[in-house]
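Reading the structure
This is what each chain is made of:
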Amino acid sequence: MNYEFIIVEPQFQTYVALIRLNRPKELNALNLQLMLELKNALVSLDENENVRCIIITGNEQAFAAGADIKQMESKSAIDLLKIDQFETWDQIRKTKKPIIAAVCGFALGGGCELAMTCDMIVAGESAKFGQPEIKIGVMPGAGGTQRLTRAIGKALAMEMVLTGKFISAYEALKSGLINRVVPDDVYLDEALKLANEISQMSPVSVRLAKESVLRAFESGLQEGLYFERKNFYMCFASEDQKEGMKAFVEKRKPDFKGK
Ligand code: HXC
């Protein structure tokens, strides 16, 4: 398959596939096509018997700096409802094989949400995690309010979501968001080590065990996600969303009016 915004290596190593998000100039901002490509790649790797574990990575500067603000800026709530991009996100979540996010640099907004949709996160020391949507007049829409809160608890999640502050790789480790932190030059090797270890196990029990851990994590999550989604769409009914995203594109501070 030909992809424009990702690079896929089904046999990066024996039994381990690698997907690299590849919009480096835009800090791997997740536009709709990239997400569709990612979903298609995961469906295809899930069917590939030579793949037992999948790594998703970006580059040293960014795993992903969020959903593509320039693509979203002019959208209305109803446009988003019709596009229904979260169908793609739901499909990614349904991947049966384990996915490891290998994160270096920025993992923000949708980027942080994508890393959290993966099963484990290995980070380089420079990784920064955050949900800064509040600064552009919206809120997380791809699981941020739900998965982050379940992973790190209400206090820190609330602070991150309401202020947009980033946390470092070590803070993310301490708060239980990620599995391990290593120097930047070996973050992918470390993810690979973990993938290799999992690939030695029975693919059947790995699949069933992954399903079971997710079930424990997600009871009640769907309800939370749908609730979050409606509120995310609702943000696009506000003037503040237009102002926040316009200000980002124009590289100035937003002037929010509460309308
Ligand atoms: C579109 C983006 C982008 C984004 C960065 N870029 N993030 N474009 N969408 N999310 C672009 C910039 O416009 C710029 O392009 C180029 O990438 C480099 O970014 P800079 O801002 O110049 O880099 P820097 O000064 O190092 O700042 C890095 C940064 C900042 C702190 C990560 O880019 C930033 O704040 N980005 C936005 C983060 C964010 O708000 N994410 C949440 C998005 S909403 P040009 O062409 O100008 O040089 C979201 C909702 C998800 O994710 C829910 C639905 C799926």
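Structure shown above.
Our focus in this paragraph is the sheet that holds strand β10 (residues 180-182). Taken in spatial order, the six strands line up as β1-β2-β3-β5-β7-β10 in an open sheet, and their pairing is mixed. The sheet is open, and its two borders are formed by β1 (6-13) and β10, each paired with just one other strand. With strand direction ignored, the average angle separating the axes of adjacent strands in the sheet is 20°. Summarising the sheet, strand β3 (residues 51-57) and strand β5 (residues 99-103) pair through four bridges and their orientation is parallel. Among the inter-strand pairings, I54 is bridged to a residue of β5, identified as I99.

This paragraph deals with the side chain of D68. Summarising the element assignment, D68 is placed in the loop between β4 (62-64) and α2 (69-72). Classification of D68 by relative accessible area gives buried; the value is 11%. Looking at D68, its side chain comes within polar contact range of the side chain of R23, at 2.9 Å. There is a polar contact of 2.9 Å between the side chain of D68 and the backbone nitrogen of K70. Excluding residues within four positions of it along the chain, D68 makes contact with R23, A29, L30 and N31.

Moving on, we get to the sheet that holds strand β6 (residues 106-108). Overall, mixed pairing links the four strands, which are arranged β4-β6-β8-β9 in an open sheet. Each edge of the open sheet carries a strand with a single partner, namely β4 and β9 (167-168). When β4 meets β6, the two strands line up parallel, connected through two bridges. When the bridges of β6 are listed, A62 appears paired with F106. Against the sheet, helix α5 (residues 110-117) contacts β4, β6 and β8 (128-130), and its axis sits at roughly 90° relative to β6.

What counts as what
- The residue numbers shown here count from 1 along each chain, following its written sequence.
- It should be noted that, the model being predicted, local features are given only for residues of pLDDT at least 70 and side-chain atom pairs only at 80 or more, the latter also being counted only at that level, while totals for whole chains, interfaces and linings use all residues.
- For the side-chain quantities, the full set of heavy atoms in the structure was used; hydrogens and water were omitted.
- Two strands pair if DSSP finds at least two bridges between them.
- In this text, helices come from DSSP runs of H or I with a minimum length of four residues, and strands from runs of E with a minimum of two, each type numbered from the N-terminal end.
- Axis definition: a line fitted to C-alpha atoms, over the contacting stretch in the case of helices. Angles run 0 to 180 degrees between N-to-C directions.
- Between buried and exposed lies partly exposed: a residue is buried under 20% and exposed over 50% of the maximum accessible area for its type, with that area taken using a 1.4 Å probe on protein chains only.
- Pairing of N or O atoms within 3.5 Å defines a polar contact, subject to two protein rules: one partner must be a possible hydrogen donor and the other a possible acceptor, and residues neighboring in sequence count only if both atoms are side-chain atoms.
- Throughout, a residue-residue contact means that at least one pair of heavy atoms, one from each residue, lies within 4.5 Å.

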